[in-house]
Amino acid sequence: MYRTVASRLLHTAKHFNGNTGLRFRLPQTFITSSRFSTTDNTQPFSNPHSINDPIPVVSTTENPSLSDSTSSTSSSSDEDSRRFETPRSGAKYEEEHTRLLQVSLTHVIKMGWTEEALIAGAKDVGLSPSIVGSLSRKEAALVEFFMDDCLQRLIDRIDSERESLKNLTPSDCISKLIRFRLEMQGPYISTWPQALSIQAQPANVPTSFKQRAMLVDEIWHAAGDNGSEIDWYAKRAVLGGIYSAAEIYMLTDGSADFRDTWAFLDARVKDAFNLKKTIQEVQYLGEAVGAGLGNSFQEFAGKVFRR
């Protein structure tokens, strides 16, 4: 789903495992029947201490009815185990959770990002409210589901408008995509401060950071960014700051359709690109001066503006 960091990792994993396959033998089940009927030879020992007397032979005959019963029981047990396999149960479990979280979002506007919203969602989809207890981080799970859903919708939008986005300047493309993403939070703006506080909890910070990192990476990728190394990290750090600033500004925006937020967003994106242009101009100046003063000044300027 993610085109840059995640996709590169997946590609690397495929390349690494492409020529090396691990083959596992399926565990074999051996059924050993221990139910036998035994019959003793009727010839008795004439003298228990004599070595000339014949040794009685004990023959073992397997009872076919008991063997069939054992096989039938084992077969029935195998069928039951296949019927209740963990993967199938896990898939159904995940499907129910997805339905629960999706419907619960309709109750967030009135109830907030709370357990009550999850319980109301469970009732809507015909599930027992006890399923909410199976969520390890109830409110956080709801917020994270919303963030993932918004990211997927953004990716779908990028895919459907890829040609038109190519005709935009990088700054206009970034402004457009950030605006589209923030508009998804419009219906939940009254409860979004609560969502931010949930994301800021120590247990939820790693997931929150990862989701925002993936968001800005998708936006930069759509804007045609091909940066690498330090430049790659710097661009995403700057864009993450712009997104967060616009997100906070949006919480206090009382203008119609958040017009002030979009104006604020456009200004911040242009400032970022103007700063990049200014740094480039200073580097060019350093190169020109370095031609007359030697390479020491040029190297010094290069080190300063790479930080």
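What you are looking at is a predicted structure, and each value in this text was computed from that prediction instead of being measured.

### Observations concerning the overall build of the protein chain
- For the protein chain, the helix and strand inventory stands at 12 helices and two strands.
- When the elements of the protein chain are put in sequence order from the N terminus, they spell out α-β-β-α-α-α-α-α-α-α-α-α-α-α.
- Buried positions account for 31% of the 307 residues belonging to the protein chain.
- A separation threshold of at least 6 residues defines the contact pool for the protein chain, and within that pool the share at least 24 residues apart is 64%.
- When the accessible surface of the protein chain is split by element, carbon and sulfur atoms take 56% of a total near 20400 Å².

### A few points about the side chain of Q185
- Relative to the helices and strands, Q185 is located in the loop between α7 (170–183) and α8 (192–199).
- Owing to a relative accessible area of 0%, Q185 belongs among the buried residues under this scheme.
- Ignoring any residue separated from it by four or fewer positions in sequence, one finds Q185 in contact with F146, W192, Y243 and E247.

### Remarks on the confidence of the model for the protein chain
- Taken residue by residue, the protein chain gives an average pLDDT of 74. The fraction at 70 or more is 59%.
- Averaged pLDDT values over the elements of the protein chain bottom out at 42 in strand β1 (residues 36–40) and peak at 96 in α7.
- Within the model, pLDDT remains below 50 along residues 8–52, and this stretch shows 23 contacts once partners closer than five positions in the same chain are excluded.
- Scored below 50 in pLDDT, residues 293–298 makes six contacts in the model with residues more than four places away or belonging to other chains.

### With respect to helix α9 (residues 205–222)
- In a regular helix each residue adds 1.5 Å, so 18 residues correspond to 26 Å; α9 covers 26 Å between its end C-alpha atoms and thus fits that length.
- In the stretch just after α9, G224 is the one whose phi turns positive, near 90°.

### Examining unusual backbone geometry
- Of note in the backbone geometry, D257 takes a positive phi value of approximately 55° without being a glycine.
- Positionally, D257 belongs in the loop between α10 (229–251) and α11 (259–293).
- Positive phi, normally seen in glycine, also occurs at F258, with a value near 60°.
- When you line up the elements, F258 lands in the loop between α10 and α11.
- Classification of F258 as buried rests on a relative accessible area of 19%.

### Remarks on the environment of G126
- With respect to the helices and strands, G126 occurs in the loop between α4 (115–124) and α5 (138–160).
- For the pair G126 and L100, spaced 26 residues apart in sequence, the C-alpha separation works out to 9.5 Å.

### Details of α4
- Of all the residues in α4, the buried ones are A117, L118, A120, G121 and A122.
- Positive backbone phi, at 80°, marks G126, one or two positions downstream of α4.

### Some remarks on the packing of α5 against α9
- Relative orientation of the contacting elements α5 and α9 amounts to 10°, with a least axis distance of 11 Å. As far as their axial angle goes, α9 and α5 are roughly parallel. Here α5 contributes E144, M147, D148, L151, L154, I155 and I158 to the contact with α9, which in turn contributes T207, Q211, R212, M214, L215, E218, I219 and A222.
- Grouping the constituent residues of the contact of α5 with α9 by class yields nine nonpolar, two polar and four charged.

### Description of the packing of aromatic side chains
- Tallied over the full model, the rule gives nine aromatic pairs.
- Between W113 and Y188, the aromatic rings sit 5.7 Å apart at their centres with planes inclined by 45°, giving tilted as the arrangement. Within this pair, whereas W113 is found in the loop between α3 (86–111) and α4, its partner Y188 is found in the loop between α7 and α8, the two being separated by 75 residues in sequence. Assigned by exposure class, W113 and Y188 land together as buried.
- Ring-pair connections join several aromatic residues into one group, and the members of that group are W113, F146, Y188 and W192.
- Above the face of the W220 ring, K235 is positioned so that its terminal group lies 5.4 Å from the ring centre.

Here is what the cut-offs are and how they apply
- Residues numbered from 1 in each chain as written.
- Predicted model: local features only at pLDDT ≥ 70, side-chain atom pairs only at ≥ 80, totals over all residues.
- Heavy atoms only, no water.
- Helix = DSSP H or I, 4+ residues; strand = E, 2+ residues; numbered from the N terminus.
- Buried < 20%, exposed > 50% of the residue type's maximum accessible area, 1.4 Å probe, protein only.
- Contact = heavy atoms within 4.5 Å.
- Areas by Shrake-Rupley, 256 points an atom, 1.4 Å probe, with all protein chains shown as cover.
- pLDDT = per-residue confidence, 0-100.
- Expected span 1.5 Å × (residues − 1).
- Axes fitted to C-alpha atoms, helices over the stretch in contact; angles between N-to-C directions.
- Parallel < 35°, antiparallel > 145°, perpendicular 65-115°, else oblique.
- Nonpolar A, V, L, I, M, F, W, Y, C, P; charged D, E, K, R; others polar.
- Phe/Tyr/Trp six-rings, centres within 6.5 Å; stacked < 30°, edge-to-face > 60°.
- Lys NZ or Arg CZ within 6 Å of the ring centre and 35° of its normal.

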